[in-house]
Amino acid sequence: MDMQSLARSITGRAPGPIPDVATMGRIFSNPRMPLLLALSKGVVEPTYRAAFLSSAAGSGVLRWLSTRPCDVASLAEKLEVPHEDRSRLRDWLEVGVRLGDLRRREGCYTLRSLSAKALAKADNDALAAALEEVMRFHLPVLLNGPRMLREGRRFSLSDQDGAVIARASLVVRPLVEEAISSVLDRGTPLRLLEVGCGSGVYVKHAAELNPRLTALAVDLQAEVADEAAKNMVEWGLTDRVETRQADLRDLSLQPQFDLVTLHNNIYYFPESERVAVLRKARSLLTPGGRLLLTSACRGGNIGMEVLNLWFRHADFGGALPREDELVAQLERAGFSDVRTNRVVPGEQFRAFTASNTHPTQV
Ligand SMILES: C[S@@+](CC[C@H](N)C(=O)[O-])C[C@H]1O[C@@H](n2cnc3c(N)ncnc32)[C@H](O)[C@@H]1O
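Being a predicted model, the structure only gives us computed values, none of them experimental. (Residues numbered from 1 in each chain as written. Predicted model: local features only at pLDDT ≥ 70, side-chain atom pairs only at ≥ 80, totals over all residues. Heavy atoms only, no water.)

1. Some points on the overall build of the protein
- The secondary structure content of the protein amounts to 15 helices and nine strands.
- Here the protein, with 362 residues, has 46% of them falling under the buried criterion.
- Long-range contacts, defined here as pairs at least 24 residues apart, represent 70% of the contacts in the protein between residues at least 6 apart.
- Carbon together with sulfur atoms contributes 53% to the accessible area of the protein, which is approximately 18,700 Å² in total.
- Averaging the coordinates of the 46 positive side-chain charges in the protein and doing the same for the 44 negative ones gives two points 5 Å apart. (Helix = DSSP H or I, 4+ residues; strand = E, 2+ residues; numbered from the N terminus. Buried < 20%, exposed > 50% of the residue type's maximum accessible area, 1.4 Å probe, protein only. Contact = heavy atoms within 4.5 Å. Areas by Shrake-Rupley, 256 points an atom, 1.4 Å probe, with all protein chains shown as cover. Lys, Arg positive; Asp, Glu negative; His and termini not counted. Charge placed at Lys NZ, Arg CZ, Asp CG, Glu CD.)

So, in structure tokens, the structure goes:
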């Protein structure tokens, strides 16, 4: 018997004959029972809910149910579930009801919990993607960390889903946009290089702040760069923004940028390479050009610590930076006037700015 059903049986919610007093006494005097109940309620059920909500959001179920009640048949059609698997889909939906996230009335499902309703909203897409990131990428490192270390296995970039990560990264969008707003010169023509552009929203933000800005947006992952390029078309920015799949380390360009930005990706570079990477970024700046780098740093919330753990188990990249280490690396890369700004008090999210005042030797 699994923990959930055992817990259910002793709380008397399952139908059936009422056990006699002696049986109840034996069950409740078992010292493992309180622990079992505590684990079930406090650990197992929230994990099931997180997984269910993540899947329901990612598959589109929450969005559909937020517009109108749907029965199994219509959901099966939307999800392209074959006829013979409809009863399994029903079982999955019933678990959602049991967890309290869905409600069933007259054979139709609707959203019940606040979390389900919130994750269904397009405005909260970054949160839904962040939940998916936790489920698909953070859980594996927690589940498999020691075994991976014993077997010498590492995650690779292909273990990530670039599209999900690009969406999930936008949970810190207000912080990054604040950092961009505080450094961006708005009055003069400005050439921007954005490294690891993800969806491209930060290039869009910069372009909106400075109408004379032109930019090159690059991302290492082809599918991410393609998505950013599509977004530039949708945002009407293709005459001002070129989007390319490229690795910063291989960019062969003259120094031409007034601003180079790296948002949420310094940990994609091994710590031993960071000085060289920053020096490369500096080599692309005009004299007096500036760098803006934003990143979660070590010592932040538990999500950031697990992200750090993932990158520590990867065959590329490295630990989240420590503020003082990154400052030192920027200085060793030849930047001057290196400053850090804690964008939100109490959070370990930092904006680093630095200037290129010396000629670069790469
Ligand atoms: C966590 S995502 C952040 C995306 C975006 N900057 C944001 O904050 O929303 C990191 C991105 O950096 C890109 N990246 C990593 N290493 C890179 C490199 N060497 N050159 C260009 N892009 C890189 C990855 O492909 C990924 O899309």
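2. A short note on the domain arrangement of the protein
- Assigned domains of the protein: these are domain 1 (3-119), domain 2 (122-163) and domain 3 (172-355).
- Computed over C-alpha atoms, the centres of domain 1 and domain 2 are 24 Å apart.
- Each partner contributes residues to the interface: domain 1 has eight residues there, and domain 2 has six residues.
- Carbon and sulfur atoms make up 73% of the surface buried where domain 1 meets domain 2, a total of about 580 Å² over both sides.
- For the pair domain 1 and domain 2, the interface holds zero salt bridges.
- Linking domain 1 with domain 2 are one residue pair in polar contact (both at pLDDT 80 or more).
- Ranked by residues supplied to the side of domain 1 that touches domain 2, first place goes to helix α3 (residues 32-58) with six residues.
- Its residues placed into classes, the side of domain 1 that touches domain 2 shows six nonpolar, two polar and no charged. (Domains from an automatic or database assignment. Buried area = accessible area lost by both parts, 1.4 Å probe. Salt bridge = Lys/Arg side-chain N within 4 Å of Asp/Glu carboxyl O. Polar contact = N/O pair within 3.5 Å; in protein donor to acceptor, adjacent residues only side chain to side chain. Nonpolar A, V, L, I, M, F, W, Y, C, P; charged D, E, K, R; others polar.)

3. Description of the sheet that holds strand β9 (residues 349-355)
- Taking strand neighbours across the sheet as the criterion, the seven strands line up as β5-β4-β3-β6-β7-β9-β8 in an open arrangement whose pairing is mixed. Of all strands in the sheet, those bounded by a partner on one side alone are β5 (241-245) and β8 (336-342). Sheet twist, expressed as the average angle between the axes of neighbouring strands with direction ignored, equals 15 degrees.
- Sheet contacts for helix α12 (residues 222-234): β4 (213-219) and β5; angle to β5, the most-contacted strand, approximately 165 degrees. (Pairing = 2+ DSSP bridges. Axes fitted to C-alpha atoms, helices over the stretch in contact; angles between N-to-C directions.)

4. A few points about the UniProt feature "domain: Methyltransferase type" (unreviewed entry) in the protein
- As annotated in UniProt, the feature "domain: Methyltransferase type" (unreviewed entry) corresponds to residues 193-291 in the numbering used here.
- With 32% helix and 29% strand, residues 193-291 has end C-alpha atoms that lie 10 Å from one another. (UniProt positions renumbered as here; feature names shortened; annotations may be inferred.)

5. Looking at the nonpolar core
- Counting 74 residues, the largest nonpolar core has Leu193, Val260, Leu330 and Phe335 as the members making the most contacts within it.
- Setting aside anything within four residues of it in sequence, one finds Leu330 in contact with Leu278, Leu291, Phe335, Val338, Phe352 and Ala354.
- Residues Leu62, Val72, Ala76 and Ala116 belong to the second largest nonpolar core, which totals 25 residues. (Core = buried A, V, L, I, M, F, W, Y, C linked by side-chain atoms within 4.5 Å.)

6. Considerations on the site of the ligand
- In the vicinity of the ligand, 21 residues are found, and the nearest of them are Gly196, Asp219, Gln221, His263 and Asn264.
- Within the backbone of Leu248, one N or O atom sits 3.1 Å away from a nitrogen atom of the ligand.
- In the complex, the protein chains occlude 98% of the 600 Å² of accessible area that the ligand would expose alone. (Near = heavy atom within 4 Å.)

7. Concerning the packing of aromatic side chains
- One pass over the structure, following the stated rule, counts nine aromatic pairs.
- Centroid distance Tyr267 to Phe311: 5.0 Å. Interplanar angle 70 degrees. Geometry classified as edge-to-face. Of this pair, Tyr267 sits in the loop between β6 (257-263) and α13 (274-283) while Phe311 sits in helix α14 (residues 302-312); the two residues are 44 residues apart in sequence, bridging distant segments of the chain. Just as Tyr267 is buried, Phe311 falls in that class too.
- Pairing Phe311 with Phe316 gives two aromatic rings, centres 5.7 Å apart and planes at 80 degrees, and the pair type is edge-to-face.
- For Phe311, a relative accessible area of 1% translates into the label buried.
- By relative accessible area, Phe316 is classed as buried at 15%.
- Pairwise contacts between aromatic rings join Phe155, Tyr267, Tyr268, Trp310, Phe311 and Phe316 into one cluster.
- Above the face of the Trp235 ring, Lys204 is positioned so that its terminal group lies 5.2 Å from the ring centre. (Phe/Tyr/Trp six-rings, centres within 6.5 Å; stacked < 30°, edge-to-face > 60°. Lys NZ or Arg CZ within 6 Å of the ring centre and 35° of its normal.)

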